[in-house]
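Descriptive analysis of the structure
What follows is the residue order along each chain.
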Amino acid sequence: DVKVTQSSRYLVKRTGEKVFLECVQDMDHENMFWYRQDPGLGLRLIYFSYDVKMKEKGDIPEGYSVSREKKERFSLILESASTNQTSMYLCASGGTGVNQPQHFGDGTRLSIL
Amino acid sequence: DQQVKQNSPSLSVQEGRISILNCDYTNSMFDYFLWYKKYPAEGPTFLISISSIKDKNEDGRFTVFLNKSAKHLSLHIVPSQPGDSAVYFCAGYYSSNTGKLIFGQGTTLQVKP
């Protein structure tokens, strides 16, 4: 069974801090994704990576960066946290096949004060 | 531009009856559509998918219908159970989009005992 693990379930940080969200998958998937979920807006893609050291911007990359040094690990970085980045952050991984659905972690509820 | 839309934020049905969740899309390039289910404090889990060359796919109590001419798909749950109460997201996928999923806003389903 696929396991996507996010390092923290809940996180509280202060405005201006640099924040790291970590995600690890155990299925050797090529693709990994970071989303944020906000009420009424669904899941919006922040960044994704289709290979080690490769990354592409999603729909809302502003204020974020990512790092993928190893295949199983994908990190989301908030360079200087702001209150509008308070949200639920979801990591996902998936294969390259057309019928390989993405598998999600349980999410990190991040609050920026 | 919202390529995948779920226009009903919420739906309430009685246990044992049918639940119908709707989704509209604008992008004709989608190869697959997927439905995900999300409980509070958990990540979304894959439920069922349908290829764009089919008009129906069934898995137990869950059936997804696709009407390409109307650019509309629906998820039917029969019979509905209280454990089905969750947020349901539909998503579109096209292979030329590097495996990205485009999600709708989600519909919250409440099944009353």
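Look above for the structure.
Since the model is a prediction, treat every value here as computed from it, not as a measurement.

Regarding the nonpolar core
In terms of nonpolar packing, the biggest core is built from 24 residues, with Trp35(B), Leu73(B), Leu75(B) and Tyr88(B) touching the most fellow members. By size, the runner-up hydrophobic cluster in this structure holds 20 residues, among which are Leu21(A), Cys23(A), Met32(A) and Leu110(A).

With respect to the interface of chain A and chain B
Taken together, the 21 residues of chain A in the interface contact 20 residues of chain B. Together, the buried faces of chain A and chain B total about 1700 Å²; carbon and sulfur atoms form 60% of this surface. Here chain A is connected to chain B by zero salt bridges. Counting across the interface, chain A meets chain B through five residue pairs in polar contact (both at pLDDT 80 or more). Mapped by element, the contributors of at least two residues to the side of chain A that touches chain B are strand 4 (31–38) and strand 5 (42–51) of chain A. Grouping the constituent residues of the side of chain A that touches chain B by class yields 10 nonpolar, nine polar and two charged.

A closer look at the pattern of salt bridges
All names here are of chain A. A full pass over the atoms with the stated rule returns eight salt bridges over all chains. Measuring nitrogen to oxygen at the nearest pair gives 2.9 Å for the salt bridge that ties Arg-44 to Asp-38. One continuous salt-bridge network, built from bridges that share partners, spans Arg-36, Asp-38 and Arg-44.

Things to note about the sheet that holds strand 7 (residues 62–67) of chain B
All names here are of chain B. One open sheet holds the five strands; their spatial order is 1-3-8-7-6, and the pairing between them is antiparallel. At either end of the open sheet lies a strand with only one pairing partner, and these are strand 1 (4–5) and strand 6 (56–59). Two strands pair when backbone bridges link them, and strand 3 (residues 19–25) and strand 8 (residues 72–77) are joined in this way by six bridges, in the antiparallel orientation. Residue pairing in the sheet places Asp-24 in a bridge with His-72 of strand 8.

Observations concerning a nonpolar patch on the surface
All names here are of chain B. A cluster of nonpolar residues, Ile-18, Ile-20 and Val-78, forms a patch on the protein surface that exposes about 220 Å² of accessible area. When you line up the elements, Ile-18 lands in the loop between strand 2 (10–14) and strand 3. Assessed through its relative accessible area of 40%, Ile-18 is described here as partly exposed.

Some words on the state of the cysteines
In the structure shown here, the tally under the stated rule is two disulfides over all chains. Two residues share a disulfide in this structure: Cys23(A) and Cys91(A), whose sulfurs sit 1.9 Å from each other. Across the disulfide from Cys23(A) to Cys91(A), rotation about the S-S bond amounts to roughly -80 degrees, and the bridge is consequently left-handed. Placement of the pair is Cys23(A) in strand 3 (residues 19–25) and Cys91(A) in strand 9 (residues 87–94), with a sequence separation of 68 residues. In terms of burial, Cys23(A) and Cys91(A) fall into one category: buried. Each sulfur in the disulfide pair Cys23(B) and Cys90(B) lies 1.8 Å from the other. The S-S bond linking Cys23(B) to Cys90(B) shows a torsion near 60 degrees; that makes this disulfide right-handed. Here Cys90(B) lies in strand 9 (residues 86–93) and Cys23(B) lies in strand 3, a separation of 67 residues in the sequence. In terms of burial, Cys23(B) and Cys90(B) fall into one category: buried.

Thoughts on the environment of Pro79(B)
Residues and elements named next belong to chain B. Structurally, Pro-79 is set in the loop between strand 8 and strand 9. Residue Pro-79 is classed as partly exposed on the basis of its relative accessible area of 36%. For Pro-79, the residues in contact, after removing those within four places along its chain, are Gly-16, Arg-17, Arg-61 and Asp-84.

A word on the environment of Met27(A)
Residues and elements named next belong to chain A. Its location among the elements puts Met-27 in the loop between strand 3 and strand 4. Judged by relative accessible area, Met-27 falls into the partly exposed class, the value being 37%. C-alpha of Met-27 to C-alpha of His-103: the two residues are 76 residues apart in sequence and 9.9 Å apart in space.

Description of unusual backbone geometry
Residue and element names in this part refer to chain B. Following Val-78, the chain continues to Pro-79 via a peptide bond in cis, the omega torsion being -10 degrees. The phi torsion at Ala-41 lies on the positive side, around 65 degrees, for a residue other than glycine. The topology assignment puts Ala-41 in the loop between strand 4 (32–38) and strand 5 (45–51).

What counts and what doesn't
- Residues numbered from 1 in each chain as written.
- Chains lettered and ligands numbered in written order.
- Predicted model: local features only at pLDDT ≥ 70, side-chain atom pairs only at ≥ 80, totals over all residues.
- Heavy atoms only, no water.
- Core = buried A, V, L, I, M, F, W, Y, C linked by side-chain atoms within 4.5 Å.
- Buried < 20%, exposed > 50% of the residue type's maximum accessible area, 1.4 Å probe, protein only.
- Contact = heavy atoms within 4.5 Å.
- Buried area = accessible area lost by both parts, 1.4 Å probe.
- Salt bridge = Lys/Arg side-chain N within 4 Å of Asp/Glu carboxyl O.
- Polar contact = N/O pair within 3.5 Å; in protein donor to acceptor, adjacent residues only side chain to side chain.
- Helix = DSSP H or I, 4+ residues; strand = E, 2+ residues; numbered from the N terminus.
- Nonpolar A, V, L, I, M, F, W, Y, C, P; charged D, E, K, R; others polar.
- Pairing = 2+ DSSP bridges.
- Patch = residues over 30% accessible without salt bridge, like charges linked within 9 Å, V, L, I, M, F, W, Y side chains within 5 Å.
- Areas by Shrake-Rupley, 256 points an atom, 1.4 Å probe, with all protein chains shown as cover.
- Disulfide = S-S within 2.5 Å.

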